[in-house]
Amino acid sequence: MVHAPARPPAGAPPVRINLYSDTQTRPGPAMKEAMMRAEVGDEQHGDDPTVHALCDRMAELMGKEAAIYLPSGTMCNVIAILTHCGKGDEVIAHETSHILHSEGGTHAALTGVQILPLKGERGQFSADDVRAVIRPKTRYAPPQRLLEVEQTANIGGGTVWPLAQLNAVADVAHEQGWSTHMDGARLMNACVAAGIAPREMVAQYDSVWLDFTKGLGAPLGAVLCGTDAFIGQAWRWKQRLGGSMRQAGICAAACLYALDHNVERLAEDHANARALARGLRQIEGVVVEEPDTNLVFFDIRGTGLTVEALQARLALQGVAVSGLGGRVRACTHLDVSAPMIEEAVAAIREAVGR
């Protein structure tokens with residue numbers, strides 16, 4: 001089986017409106033200029049000043065002692081679990097979490113942990129749900145070491161965990177002596193939507209990371225934050241997994257630019273997502289979930305089309321959407337304008353009306 005991503009088919013029209021994912025964002029001229037001006041060194045050797053500036057800023061933003069710059073969010077999750085846990089330990093996470101669905105089985109292959117999936121609406125679970133799975137501390141049960149949450153919850157619909165609920169599940173974990181980890185791929189979307197500062201949102205989590213390649217629009221990288229001791233151990237796993245880089249300041253400069261210019265504007269993406277949802281509700285046979293942030297999930301079974309058929313029809317019009325969990329997902333981001341939302345609704349209406 002070939003696992004390489006498929007290239008666009010020859011002769012396919014260019015994508016005009018890319019709602020496939022916020023990972024599809026491209027650095028704009030000002031971000032590229034910041035990258036070109038970046039002061040760089042050897043990140044692996046510890047002398048890239050722009051990487052240091054990014055990590056120091058992220059640690060301050062998240063209220064943590066230290067931070068580490070990594071190539072991807074998936075590597076952040078893998079390294080965090082490797083650092084918190086040993087082989088045979090158990091991680092508690094939602095059944096739709098990224099670590100279960102979108103990381104290629106890496107935690108079975110590399111970390112040696114098992115993941116206990118919790119149910120819960122919209123990608124979230126409660127403190128009572130956590131209490132219900134606490135195992136007795138005997139030689140028959142795997143040691144439970146880590147509670148993991150995803151903010152926002154992607155497959156849950158891009159939903160924002162309420163702060164009280166985040167803190168409640170973390171309190172149960174800490175009562176049991178577990179560590180807590182937040183997959184913060186779209187954390188800034190959650191903070192903007194809820195009006196809560198990042199350090200307050202993540203205060204009860206021992207480790208947290210932020211992805212810069214989604215709504216923040218940078219071309220590469222994520223930053224994992226935690227205690228000095230945690231980040232010190234994470235560096236060993238970064239080296240082992242090939243995550244240590246060289247003149248990484250070029251990409252770190254894009255992340256710094258994103259923090260300066262692309263955080264508050266996430267509210268525009270959320271407004272565009274709500275506008276998209278309103279438009280889709282006017283299409284017969286389409287059932288739309290109200291978006292919390294920039295992810296719009298909708299069910300098209302009532303139209304008689306499959307997700308794949310809709311994607312194929314939209315591709316002919318230069319519109320890209322994704323399929324996830326049996327639903328269509330449309331993701332707004334800085335490269336999708338309000339007029340594009342209107343065009344996308346018209347294209348979807350035409351595609352399902354054929």
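Analysis parameters
Residues numbered from 1 in each chain as written. Predicted model: local features only at pLDDT ≥ 70, side-chain atom pairs only at ≥ 80, totals over all residues. Heavy atoms only, no water. Helix = DSSP H or I, 4+ residues; strand = E, 2+ residues; numbered from the N terminus. Rg over C-alpha atoms; globule rule 2.2 N^0.38 Å. Buried < 20%, exposed > 50% of the residue type's maximum accessible area, 1.4 Å probe, protein only. Lys, Arg positive; Asp, Glu negative; His and termini not counted. Charge placed at Lys NZ, Arg CZ, Asp CG, Glu CD. Phe/Tyr/Trp six-rings, centres within 6.5 Å; stacked < 30°, edge-to-face > 60°. Lys NZ or Arg CZ within 6 Å of the ring centre and 35° of its normal. Arc of directions from axis to C-beta. Contact = heavy atoms within 4.5 Å. Polar contact = N/O pair within 3.5 Å; in protein donor to acceptor, adjacent residues only side chain to side chain. Pairing = 2+ DSSP bridges. Axes fitted to C-alpha atoms, helices over the stretch in contact; angles between N-to-C directions.

Caption draft 1: How the structure looks around the overall build of the chain. A tally of helices and strands in the chain yields 14 helices and 13 strands. Expected size for 354 residues packed as a compact globule is a radius of gyration near 20 Å; at 21 Å, the chain falls within 12% of this value. Along the longest, intermediate and shortest principal axes, the C-alpha atoms of the chain span 60 × 50 × 45 Å. Within the chain, buried positions represent 54% of all 354 residues. For the chain, the distance from the average position of its 32 positive side-chain charges to the average position of its 40 negative side-chain charges is 5 Å.

Caption draft 2: Examining the packing of aromatic side chains more closely. Per the stated rule, a full pass over the model turns up one aromatic pair. On the numbers, 5.1 Å between centres and 85° between planes, the contact of Phe 125 with Trp 161 is edge-to-face. Of this pair, Phe 125 sits in the loop between strand 4 (114–118) and helix 6 (127–131) while Trp 161 sits in the loop between strand 5 (144–150) and helix 7 (163–175); the two residues are 36 residues apart in sequence, bridging distant segments of the chain. On the basis of relative accessible area, Phe 125 is assigned to the buried category, the value being 1%. Over the ring of Trp 235 we find Lys 238, and its NZ or CZ is 4.4 Å from the ring centre. Between the NZ or CZ atom of Arg 240 and the centre of the ring of Trp 237, over which it lies, the distance is 4.5 Å.

Caption draft 3: Spatial organisation of helix 13 (residues 307–315). For helix 13, the complete set of buried residues consists of Val 307, Leu 310 and Leu 314. Down the axis of helix 13, the sector holding all buried residues measures 65°, keeping them to one side. Its buried side turned inward, helix 13 meets strand 10 (295–299), strand 11 (319–320), strand 12 (322–324), strand 13 (327–331) and helix 14 (338–353).

Caption draft 4: Examining the side chain of Thr 96 more closely. Along the polypeptide, Thr 96 turns up in the loop between strand 3 (90–94) and helix 4 (98–101). Within the structure, Thr 96 has its side chain in polar contact with the side chain of His 94 (distance 2.8 Å). Apart from residues lying up to four places away in sequence, Thr 96 is in contact with His 101, Gly 123, Glu 150, Ile 155 and Gly 156.

Caption draft 5: Structural view of the sheet that holds strand 6 (residues 179–184). Reading across from one edge, 2-8-7-6-5-3-4 is the order of the seven strands in this open sheet, with mixed pairing throughout. Strand pairing shows two members of the sheet lacking a second neighbour, strand 2 (66–70) and strand 4, which therefore form its edges. Neighbouring strand axes in the sheet, compared pairwise and without regard to direction, differ in orientation by 20° on average. As judged from the five bridges shared by strand 2 and strand 8 (residues 222–226), these two strands associate in the antiparallel manner. Across the sheet, Leu 70 pairs through a bridge with Ala 222, a residue of strand 8.

Caption draft 6: Just the sheet that holds strand 9 (residues 287–288), in detail. Here four strands make up an open sheet; going across it, the order is 9-10-13-12 and the pairing antiparallel. In this open sheet, the two edge strands, each paired with only one partner strand, are strand 9 and strand 12. Helix 12 (residues 266–281) contacts strand 9, strand 10 and strand 13 of the sheet and is inclined by roughly 15° relative to strand 10.

Function cannot be read off these values alone, since they describe shape.
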